[in-house]
Amino acid sequence: MADQQATGKARSRARGRARGQQEGQTVRRPGEQAQARPPPGFQQQPQGGRPAQAAPQAQRQQQVGPALSSGRALHRVSSRGDLQPGDDSLAARMGQMSVGGGAGDLASGNGAPVGRGAMRGRRQVNVDIVRTRPVNLNSKQGTSGRQVTLKANYFRLETHTNWCLYQYRVDFAPEEDRTVVRKGLLRNHKPVLGGYIFDGTMMFTSHRLNPDPMELFSTRESDKTPIRITVRLVGDLTEGDYHYIQFFNILMRKALGYLQLQLVGRNFFDALAKIVVPKYNLELWPGYLTSIRQHETNILMCSEITHKVMRQDTVLELLTECVQRGERRYKELFKQAIIGAVVLTDYNNRTYRVDDVDFDVTPSSTFELRRGEQVSYIDYYLRKYQRKIYSVDQPLLVTRTKAREQRAGQDEFVYLVPELCRMTGLTDEMRGNFNVMRDLAEHTRVGPQGRMDRLNAFNRRLLKEQNVRTDLLEWNMRLADKLIEFQGRVLPQEKILQGGHQGQEVKYDAGPLTDWTKELRSNPMLVIPALNNWVVICPNRLRRDAQNFVSTLVRAAQGMRFVIPQPYFCDIPDDRASSFVQALEQVISSRDPQMIMCIVTNNRLDRYAAIKKKCCVDRAVPTQVIVARSLTAKSVMSIATKVAIQMSCKIGGAPWTVEIPLSGLMVVGFDVCHDTTTKEKSYGALVASLDKPFSRYFSAVSAHTTGEELSNYLTSNIAKALHKYKEYNGGALPQRIVIYRDGVGEGQIPYVYKHEVELLKERLNIMYGSQPVRMAFIVVTKRINTRLFLGNGNPPPGTVADDCITMPERYDFFLVSQSVRQGTVSPTSYNVISDNVGLDPDKLQRLTYKLTHLYFNWSGTVRVPAPCQYAHKLAYLVGQALHNAPSSRLEDLLYFL
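The present account deals with the structure reproduced in this document. Owing to the predicted nature of the structure, the values given are computational and were not obtained by experimental measurement.

### What to know about the overall build of the chain
Each helix and strand counted, the chain has 24 helices and 38 strands in total. In the chain, buried positions account for 58% of the 897 residues. Long-range contacts, defined as pairs at least 24 residues apart, comprise 72% of the intrachain contacts of the chain with a sequence gap of at least 6.

Here it is as structure tokens:
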């Protein structure tokens, strides 16, 4: 299966381009003269051109900041080892506005981004930002709740350069791709250039250079080649310009380089302060993330602590383990384990994603250097990095370079030596191991006071470094020495509504910790479904435990007035997936049950997927899968209560709701999840409410391939939801539609704004005809670096931050909706990119908070509105287990809980 996950093209091209036959033989391309695939850091000699030595990966990583040479969105390259939620794009971290620079953003096109092949000359650099904040919105601040003084993990830039900056393009002839070498060549001319900041392509100065263009000459130390440096003015930057803010980020990343931090990928980590977890052969490297952006009235630097998991085992050890597990199948096992994984090369602190393994090329294979010399991988790494390779017969890993690196002249594929590559991140087995995650959490889960102390310590460390102070002083920058404080609000507690006696609803407060589990067990459900016919399928040896659990389940449901009759038990001889599928087919055909419960011995995904495929895709029967250890757990009554709630929801029931006074409201949640078997495929799931108490929902799933537009699928599924809404509401369309769109990275917001929203408006205008269409489209982002503090602790549920740290061009706010007992709570960001629904900011915030109370899998609040969480749950189920769209006969049931 894992072989199918690998990119077939990568595998075939790699094999065709690199075949080392025996030890010491040259790697050849078919039909060409002897020539090896170069190791990391070198590229092949271009046909018909001069030899060109590419930058070693280590040197290429030592950039001060993000490259200004491209107007494209810079996306974060992260490994699964990062134990810190963050923005989806590097652009957010590096101070890039969500609506700046590059194809697909909200720039108007007046003044293209500066970069290779971009505009030249003395024109103003102008990146217009399209405001998603309505012009007629005087204030985006709400009024409900009590005022509180909040702190956030931001430091204010108290003073900064406000003079005009000049942006220069720097070219080298002959071309030099290594950033560190380019910086060194330019550094020789600092007396002529004066103070400047250079990122490898673009240079910023506070003064005009004369003449323009300016030509300088240096000698490259490695081969004594004379280099001509051409410096051309490409634009003037004034305070408030897009690239002006980016200049601050470049300067700050340069400052981080002075702190003896190690650049791994795109972020800085403190290797000297690493935490060793020898029990699991792991290391935790603490690190820091910084991002300077223009916020409401000030330029602020967001600072956040992060951790990277560094495994101490190498890829060669993984290969040895695969050989021991299956001598004949070791190649297949190794490919399954390593393809798609992210590895780290210690000699240059660069991460790579493995695309293939070539068993025909070994470290003894040779390749040709730029000077024409034949050298083996063993000799190359010993000479270049002083790394001795001991295993001479190990296969080499193949990784595909990124498109931007290929455009810069690098080869499409790079070879890596397993012995020199360390595994990164956590395996699925580690993530499923409670003890591993608990021990790691002891170091990574930092409480509010500890987080503030570490952020302040980082700030002091930064400001005490002499080189940092010199640079900041040179550019007239001064950073505040304490976290920012501002006014926020805590919304009032919500009332939970459940069914009562004689038609009278039971109403009670959600509580300061937003946990109403106790009240839930002793009051009737809001909507109680009728369960008359259901089946339990379990292995023979679990029959007694299953019967005892059913008895507990019946008692737990009685407190909520949900009557669960005794089921029909279907015993199977073993716990194989095929046994479950066969039993499911039999009981569905013979008994036509409303609900089927399957008792499984463990949480194996293949068995779970087989059960769900049979009942969600083929036969459309709601199922409840329970792991055997839950049958006899100490908290079996609590488990039984949650199972009873899930079962009722899957057949049309609803346990509770909250007071939402709006009539004719339909709330839509949308999320995207990737298919685990086909990397190019994703599933977009939509869940929409159908009634006023939010007790019934419509759901739909659409598959799409990488690069395929989601607009059509989202629009067509909302049209289906509107038709279903009409069925439930006497032919009336909703008066208001509020859409919460998750699964959007920062760099994708412009695309969503330009395509999905506009296409959706066109479709709704057709469906509504002469009726006005009132719709709000809200982008939900959970993976952010913002943290909020109240006093020395976490802010309570319902805390809203809609000023100071929000963005001036957006209609946005932060909301803390859940209560956490350990660590620091993470707020959720809400960005209203389109709104004519007729609700003021306060009502929109209140509605959002109310909806976080309606996720029926948890008798408390969740991080996002319930329809959004339902959409995530459905998309995850399809991407992980079903790999197909579910049956439409289940579309108005919460069968995916």
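There's plenty left to go through after this.
### Here's the deal with the pattern of salt bridges
On inspection of all chains with the given rule, the structure shows 39 salt bridges. A salt bridge links Arg311 to Asp313, with the nearest nitrogen and oxygen atoms 3.1 Å apart. The residue Arg821 makes a salt bridge to Asp515 at a minimum N-O spacing of 4.0 Å. Of the two residues, Arg821 is situated in the loop between strand S37 (812-816) and strand S38 (828-835) and Asp515 in the loop between strand S24 (506-509) and helix H16 (517-521); the sequence distance between them amounts to 306 residues. Connected through shared salt-bridge partners, Arg133, Lys140, Glu296 and Asp812 make up one network.

### Remarks on the sheet that holds strand S27 (residues 595-600)
Across the sheet, which stays open at both edges, the 4 strands sit in the order S26-S25-S27-S28 with parallel pairing between neighbours. For this open sheet the edge positions go to strand S26 (568-572) and strand S28 (623-627), each flanked by a neighbour on one side alone. Taken pair by pair, the neighbouring strands of this sheet meet at an average axis angle of 20 degrees, ignoring direction. Bridge analysis of strand S25 (residues 534-539) against S27 gives 4 bridges, and the strand direction is parallel. When the sheet's bridge partners are listed, Val536 is paired in S27 with Met597. The sheet contacts of helix H19 (residues 605-618) involve S27 and S28, and relative to S28 the element is tilted by about 165 degrees. Running over the sheet, helix H20 (residues 636-650) touches S25, S27 and S28 and is turned about 160 degrees from S28.

### Quick word on the nonpolar core
Grouped together as the largest cluster of nonpolar side chains are 92 residues, with contacts concentrated most on Trp534, Met597, Tyr740 and Tyr870. When residues of this core are assigned to their parent elements, the largest contribution, 10 residues, is made by helix H24 (residues 866-882). Sequence-distant contacts of Tyr870, defined by excluding residues within four places in its chain, comprise Val687, Tyr697, Leu854, Tyr855, Phe856, Leu894, Phe896 and Leu897.

### Structural notes on the sheet that holds S37
What the 11 strands build is an open sheet, ordered S32-S31-S30-S33-S34-S38-S37-S36-S22-S1-S35; its pairing is mixed. Among the strands making up the open sheet, the edge pair consists of strand S32 (697-705) and strand S35 (788-790). Averaged over all adjacent pairs, the angle separating strand axes in this sheet is 30 degrees, with direction ignored. Examined bridge by bridge, strand S30 (residues 665-674) and strand S33 (residues 736-741) share 6 bridges and lie parallel to one another. Bridged to Val668 within S33 is Ile739. Contacts from H24 reach S30, strand S31 (681-689), S32, S33 and strand S34 (775-781), with the element oriented near 30 degrees to S30.

### Quick look at the packing of aromatic side chains
Ring pairs (aromatic) are described by centroid distance and by the angle formed between their planes. Per the counting criterion, the structure on display carries 23 aromatic pairs. Pairing Phe334 with Phe359 gives two aromatic rings, centres 6.5 Å apart and planes at 75 degrees, and the pair type is edge-to-face. One end of the pair, Phe334, is in helix H9 (residues 330-338); the other, Phe359, is in the loop between strand S15 (356-358) and strand S16 (366-368), and 25 residues separate them in sequence. With 5.2 Å between their ring centres and 80 degrees between their planes, Tyr895 and Phe896 make a pair best called edge-to-face. Among the residues examined, Tyr895 registers a relative accessible area of 3% and is labelled buried. Accessibility expressed as a relative area gives 4% for Phe896, which makes it buried. Taken together, Trp516, Trp656, Tyr697, Tyr855, Phe856, Tyr870, Tyr895 and Phe896 form an aromatic cluster joined through their ring pairs. Directly above the aromatic system of Tyr352 lies the positively charged group of Arg350, at a separation of 5.2 Å from the ring centroid. Taking the ring centre of Tyr568 as reference, the NZ or CZ of Arg591 above it sits at 4.1 Å.

Each value, and the rule that gives it
Residues numbered from 1 in each chain as written. Predicted model: local features only at pLDDT ≥ 70, side-chain atom pairs only at ≥ 80, totals over all residues. Heavy atoms only, no water. Helix = DSSP H or I, 4+ residues; strand = E, 2+ residues; numbered from the N terminus. Buried < 20%, exposed > 50% of the residue type's maximum accessible area, 1.4 Å probe, protein only. Contact = heavy atoms within 4.5 Å. Salt bridge = Lys/Arg side-chain N within 4 Å of Asp/Glu carboxyl O. Pairing = 2+ DSSP bridges. Axes fitted to C-alpha atoms, helices over the stretch in contact; angles between N-to-C directions. Core = buried A, V, L, I, M, F, W, Y, C linked by side-chain atoms within 4.5 Å. Phe/Tyr/Trp six-rings, centres within 6.5 Å; stacked < 30°, edge-to-face > 60°. Lys NZ or Arg CZ within 6 Å of the ring centre and 35° of its normal.

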